[in-house]
Every structure is written in structure tokens, then in C-alpha cells.
Amino acid sequence: MSARAACISVQALKSDSEAATRSDANDETLERTKRRPRTHTNEDPLMQCNINAKGKAVRLLIGTASLVAGLALLGWWWTQGAEWALYTGLGATAGGAFGIFEGAAGWCAVRAMGFKTPI
């Protein structure tokens, strides 16, 4: 093997090694971006903020009250065995949790359907 051929093969090995290193670096960058937590953006047109601060506060308050009332009704059902309290409590608890979600997200399902609400 001539000195020139040996030099070319060494350069070829170096360029292959550098390409592999760059590929590994790109793979690491890709992995880091996959693991990076996504920040909340309002890019989703279905979940855009459609209520103001007053509407958020009202929904949080009503949601919390409904959640507490639903849990109280479930407690009544647990101790007294009243079947109506079970279904009413489950409904109030689910509705309260959804109201809290609406208030926290700043999104109203009724407004998203096109209806105008006063608050």
C-alpha cells in the first residue's frame, strides 16, 4: 500500500468517524427534544381561552361548591343507603370536577358551542 493510499484511507476513516459523531449528536438532540416538557400554548382551536377572569372565578367557585355537595351526597349514600343520593352525588361530583376544569383552563364548553353566556 502506498503512502498516499494510506493517507486517503485514514482521511476516509476520519470523515466516517466525524459523520458518525455528528449523527450521534443529532440523535442526542432529538432525544432531548422528545423529553423536553411542552409548554402550554393556545394553538388548539378547540380549547382556546374563551372566558375572562370573572368567568373563571365563577366557574371555579360553582365547581368547588358542586364538588363538595356531590361528595356530601356520596357520604349520605354511604351511611344511609339512599339510592337517589348515589346518582345525584356522582352527577354533582362529575359536574363540579368539570366546572373546576373549565375555570382552571379558562375554557367554557357552552361558549365553545356558540352560545353566549352572561359570565
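Placed above this text is the structure.
About the criteria used
- Residues numbered from 1 in each chain as written.
- Predicted model: local features only at pLDDT ≥ 70, side-chain atom pairs only at ≥ 80, totals over all residues.
- Heavy atoms only, no water.
- Phe/Tyr/Trp six-rings, centres within 6.5 Å; stacked < 30°, edge-to-face > 60°.
- Buried < 20%, exposed > 50% of the residue type's maximum accessible area, 1.4 Å probe, protein only.
- Axes fitted to C-alpha atoms, helices over the stretch in contact; angles between N-to-C directions.
- Helix = DSSP H or I, 4+ residues; strand = E, 2+ residues; numbered from the N terminus.
- Parallel < 35°, antiparallel > 145°, perpendicular 65-115°, else oblique.
- Left-handed = near helix turned anticlockwise from the far one by under 90°.
- Salt bridge = Lys/Arg side-chain N within 4 Å of Asp/Glu carboxyl O.

**Topic: the packing of aromatic side chains**
One pass over the structure, following the stated rule, counts four aromatic pairs. Geometrically, the ring pair formed by Trp77 and Trp78 is edge-to-face, given 6.0 Å between the ring centres and 65° between the ring planes. Both rings, one in Phe101 and one in Trp107, keep their centres 6.3 Å apart while their planes meet at 65°; by these two values the pair is edge-to-face. Residue Phe101 is classed as partly exposed on the basis of its relative accessible area of 36%. We classify Trp107 as buried; its relative accessible area is 12%. Taken together through their ring pairs, the aromatic side chains of Phe98, Phe101 and Trp107 make up a single cluster.

**Brief notes about the packing of helix 2 (residues 53-80) against helix 3 (residues 83-105)**
Remark: helix 2 packs on helix 3, axes separated minimally by 7 Å, with the N-to-C direction vectors making an angle of 155°. As the angle between them shows, helix 2 and helix 3 are arranged roughly antiparallel. The way helix 2 lies across helix 3 gives a crossing that is left-handed.

**As for the pattern of salt bridges**
Under the criterion given, the structure shown has one salt bridge. Glu102 is the partner of Arg59 in a salt bridge, and the nearest nitrogen-oxygen pair spans 4.0 Å. Taken as a pair, Arg59 in helix 2 and Glu102 in helix 3 lie far apart in primary sequence, 43 residues in all. Using a relative accessible area of 11% as the deciding quantity, one classes Arg59 as buried.

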